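# Structure assessment
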Amino acid sequence: MQAFSFETLERENLGETVYSRVAEALIKGRFAPDARLTIRDLAQSLGTSVTPVRDAILRLIQDEALVQKSAREVRVPIITLRRYREIRQIRLKLEGLAAREAALKAAAKDVEHLRGLIALNERAIADKNWTEGLALNQTFHFALADIADMVVLRGILNRLWLQMGPLIAESYHEGGRAMIENHYAVLAAVEKQDADAAERAIVADITEGGEVILERLISRHDVKAGTA
């Protein structure tokens, strides 16, 4: 994975901005599972003092997006097979609800926004720009909750994706077009205002797109069990 650095921040609302930037990087998979993060390096990358970065790290630990191994060591968690299955089960219910509501509430501009995201993602995959493709995939999923106008659900999804982003990024290039194939069915269902079809399509997307992730985790689990 390519080295990632942040753009220097302005001073206003610094604490919240630092949290948002680091959270967005996690959601978009810019940090790999088990990556070690240091407050000093993040502060230097963001162009801030260590205080707002330390506060952001503490919030992300509370969000279960980071884990503190020791007083000086913070890492991106390695998601276990059991935890992945639990998060996926929750996502199926919540994102299914978001897709249903999006289908019922979408305006023409919302449909075109989803269509545009798919087109950009196709281009990113064709160019093997996995970082961009991953970001667009996440944006598509979140767009459904935004179109549904479900603020509470959006916040819950944000916390789930904080944990899932690094794991999805680890497998995204292997999944390739399987990661967005069902987005076309979601789009068609939203355009037809077919809530049932929209829910089925996003459930299929999460389930089928997650097979690569599941295989990787099962393999990792088997290797760990074999060496125990």
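Residues numbered from 1 in each chain as written. Predicted model: local features only at pLDDT ≥ 70, side-chain atom pairs only at ≥ 80, totals over all residues. Heavy atoms only, no water.

Domain boundaries in the protein define domain 1 (14-76) and domain 2 (81-226). Computed from C-alpha coordinates alone, the two centres of domain 1 and domain 2 are separated by 24 Å. Counting from both sides, the interface comprises 16 residues of domain 1 and, opposite them, 17 residues of domain 2. Together domain 1 and domain 2 conceal approximately 1200 Å² of surface at their shared face, both sides included; 59% is due to carbon and sulfur atoms. (Domains from an automatic or database assignment. Contact = heavy atoms within 4.5 Å. Buried area = accessible area lost by both parts, 1.4 Å probe.)

Before going further, it helps to examine the nonpolar core. One finds Leu26, Phe31, Leu60, Leu66, Tyr84 and Leu162 to be the most contacted residues of the largest nonpolar core, which totals 47 residues. For this core, the elements supplying multiple residues, two or more each, are helix H1 (14-27), helix H2 (39-46), helix H3 (50-62), helix H4 (81-105), helix H6 (130-148), helix H7 (151-175) and helix H10 (211-227). The element that contributes the greatest number of residues to this core is H7, accounting for 10 residues. Here this core spans two domains, since at least three of its residues come from each of domain 1 (14-76) and domain 2 (81-226). Dropping the residues within four chain positions of it, Tyr84 is found in contact with Ile79, Met164, Leu167, Gly210, Ile213, Leu214 and Leu217. Core analysis: the second largest hydrophobic core is formed by 25 residues, Ala99, Ala189, Val190 and Ala195 among them. (Core = buried A, V, L, I, M, F, W, Y, C linked by side-chain atoms within 4.5 Å. Buried < 20%, exposed > 50% of the residue type's maximum accessible area, 1.4 Å probe, protein only. Helix = DSSP H or I, 4+ residues; strand = E, 2+ residues; numbered from the N terminus.)

Strand order in the open sheet formed by 3 strands is E1-E3-E2, with antiparallel pairing between adjacent strands. Among the strands making up the open sheet, the edge pair consists of strand E1 (36-37) and strand E2 (67-70). Note that E1 and strand E3 (residues 73-75) share 2 bridges and pair antiparallel. When the bridges of E3 are listed, Leu37 appears paired with Val74. (Pairing = 2+ DSSP bridges.)

On to the pattern of salt bridges. Per the counting criterion, the structure on display carries 13 salt bridges. Between Glu95 and Arg91 there is a salt bridge whose closest N-O contact spans 2.7 Å. You can see Glu95 and its partner Arg91 sitting in helix H4, 4 residues apart, about one turn around the helix. For the residue pair Glu95 and Arg91, the accessibility class agrees, reading buried in each case. Between Asp196 and Arg100 there is a salt bridge, and its shortest N-O distance comes to 2.6 Å. Residue Asp196 is located in helix H9 (residues 195-209), and its partner Arg100 is located in helix H4; the two are separated by 96 residues in the primary sequence. Among the ionic contacts, a cluster of salt bridges with common partners joins Glu64, Arg83 and Arg159. (Salt bridge = Lys/Arg side-chain N within 4 Å of Asp/Glu carboxyl O.)

Turning next to the environment of Asn182. Relative to the assigned elements, Asn182 resides in the loop between H7 and helix H8 (183-191). Separated by 27 residues in the primary sequence, Asn182 and Gly209 have C-alpha atoms spaced 8.7 Å apart. Aside from chain neighbours lying at most four places away, what touches Asn182 is Ala201, Ala204, Asp205 and Glu208.

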